[in-house]
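The lines below spell out each chain.
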Amino acid sequence: MRRPVREHVLSSTSPAVLKYYLYKATKAVEFYRPIMYLFFLAQGLSFTQITILEALYNLTTLFGEIPTGWVGDRVGRRNSLLVGTTLISVTLLGIGLADSFVQLAVLYVFWSAGYNFRSGSEDAWLYDTLTDDRSTDDFAHVRGRGESVALGIGVGAAVLGGYLGSIDLSYPWFVAAAVTGLGAPVLLSVNESETYEETDSGDLSLRRSVDIAMDVLSRSNIRAFVVYYYVLYAAVTYLVFVFLQPIFQTVVVDLGVSESRVESLLGWFYAVYSLFGAILSYYTGAIRDRLGVRTWFTVLPFVLGAALVGMYFVPLLALPTFLVARGVSDVTRSLAGQYINDRIGTLGRATVLSTMAMIGGLTVLPFQLGSGVISDYASPLFALAVSGVVLVVGSAAILAWEHPVAD
């Protein structure tokens, strides 16, 4: 039965949820995202070196997710978010000042560690907070609204970041560091949820957390979903975001645009990109209610995979493909979070969610390194076309084995 709209209004306007929205508004990624890989290329890095940076990021995720998830379970989700936010802010400042591959490699490790502290704890804090209000069914709705806030702020941030990047490619990193730092005082005003406080987290050992996570992964209603989404789909979409900027540059220059205008155009493109994502994220709850999680995850990989192959033959298709990939990204992540959170308990929740991120970080490594080598020897367009084929074939194989979304 479809829930009354009034329930959504209550959960979306509680003080804790409003602070969650405010925190999401400080996530500042759109300031540097339009020029991120152009910045790395300007430092003299090759595509292979860029993918090595991304691999270092994911290796840090691999080894750091479970310990930092346990920290979130053991000492509090708010405290874990605070450490992560501070670490990310300082790292963004360092990246803007870096001028070599070695410096960037070290900073990437700390950058990933910051997101380690955030990844499981953010969704765990939100879900448990909604549990306090008996409104956990609204997790996808509230999380989608939170992503919509972040992306809405990102519309202006992307335009500003593009123009700042046309002046100096370091400036967007400095602004992003300052805005991210504003998240710290917001988090200091947030309390842990009563649901979390009532668990016996004080006695939760790292070994017990790992046992809880392994038990969850072994369940029949979760294991296929983990492979389908966290392994295959997430790895391919990660590559889409890595190669967006060089492909965008190639496409618009071939259309006759001056190379000096690429950075500012990227800013506007990311603004539209964020706006489209914000609109879809705002309606995450409605998408879940009307279309259904099962249908969404059944169809989406095949649509995206076909688009990635198609844009190799018609490069201009890359622009709408990137917009669609961005638009559905956060909706898909929110629906995946709802599906997993509904099937796990409060104790060890952050560790379980961090384990999901760890699995994604591990499996994306061969995709990253392979796509970097293919891009250097062929082109980023060809690398994404190969990943599209892998996505379609892999998704079909998983569906033949077991449907990833239980009824």
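Calculation rules
- Residues numbered from 1 in each chain as written.
- Predicted model: local features only at pLDDT ≥ 70, side-chain atom pairs only at ≥ 80, totals over all residues.
- Heavy atoms only, no water.
- Helix = DSSP H or I, 4+ residues; strand = E, 2+ residues; numbered from the N terminus.
- Buried < 20%, exposed > 50% of the residue type's maximum accessible area, 1.4 Å probe, protein only.
- Areas by Shrake-Rupley, 256 points an atom, 1.4 Å probe, with all protein chains shown as cover.
- Phe/Tyr/Trp six-rings, centres within 6.5 Å; stacked < 30°, edge-to-face > 60°.
- Axes fitted to C-alpha atoms, helices over the stretch in contact; angles between N-to-C directions.
- Parallel < 35°, antiparallel > 145°, perpendicular 65-115°, else oblique.
- Left-handed = near helix turned anticlockwise from the far one by under 90°.
- Contact = heavy atoms within 4.5 Å.
- Nonpolar A, V, L, I, M, F, W, Y, C, P; charged D, E, K, R; others polar.
- Salt bridge = Lys/Arg side-chain N within 4 Å of Asp/Glu carboxyl O.

Caption draft 1: Just the overall build of the chain, in detail. Scanning the chain for helices and strands turns up 19 helices and 0 strands. Across the 407 residues of the chain, 57% fall into the buried class. Accessible surface, the chain: about 16,000 Å² in total, of which carbon and sulfur atoms supply 66%.

Caption draft 2: Just the packing of aromatic side chains, in detail. By the definition in use, this model includes 26 aromatic pairs. For the ring pair Tyr32 and Trp111, a centre distance of 5.8 Å and an interplane angle of 65° mean the geometry is edge-to-face. With Tyr32 in helix 3 (residues 29-32) and Trp111 in helix 7 (residues 101-132), the pair connects residues that are 79 residues apart, well separated along the chain. For the pair Tyr32 and Trp111, a shared accessibility class is recorded, and that class is buried. For the ring pair Trp111 and Trp173, a centre distance of 5.9 Å and an interplane angle of 70° mean the geometry is edge-to-face. Placement of Trp111 in helix 7 and of Trp173 in helix 9 (residues 171-181) is noted, with a sequence separation of 62 residues between them. Aromatic rings pair up to connect Tyr32, Tyr37, Phe39, Phe40, Tyr57, Tyr108, Trp111 and Trp173 into one cluster.

Caption draft 3: Region of interest: the packing of helix 14 (residues 262-282) against helix 17 (residues 318-341). In the contact formed by helix 14 and helix 17, the axes pass within 8 Å of each other and the chain directions differ by 40°. Viewed along their axes, helix 14 and helix 17 adopt a mutual orientation that is oblique. Here the hand of the crossing between helix 14 and helix 17 comes out right-handed. Along its contact with helix 14, which presents Phe269, Val272, Tyr273, Phe276, Gly277, Leu280 and Ser281, the element helix 17 presents Leu319, Phe322, Leu323, Val324, Arg326, Gly327, Val328, Asp330 and Val331. A per-class count over the contact of helix 14 with helix 17 returns 11 nonpolar, 3 polar and 2 charged.

Caption draft 4: Spotlight on the pattern of salt bridges. Taken as a whole, this structure holds 7 salt bridges when the rule is applied. The shortest N-O distance in the salt bridge between Arg143 and Glu147 comes to 3.4 Å. You can see Arg143 and its partner Glu147 sitting in helix 8 (residues 139-167), 4 residues apart, about one turn around the helix. This pair shows no difference in class: Arg143 is buried, exactly as Glu147 is. A salt bridge links Arg333 to Asp330; the shortest N-O distance between them is 2.5 Å. Pair noted here: Arg333 and Asp330 are both in helix 17, with a separation of 3 residues, about one helical turn. Classification of Arg333 as partly exposed rests on a relative accessible area of 33%.

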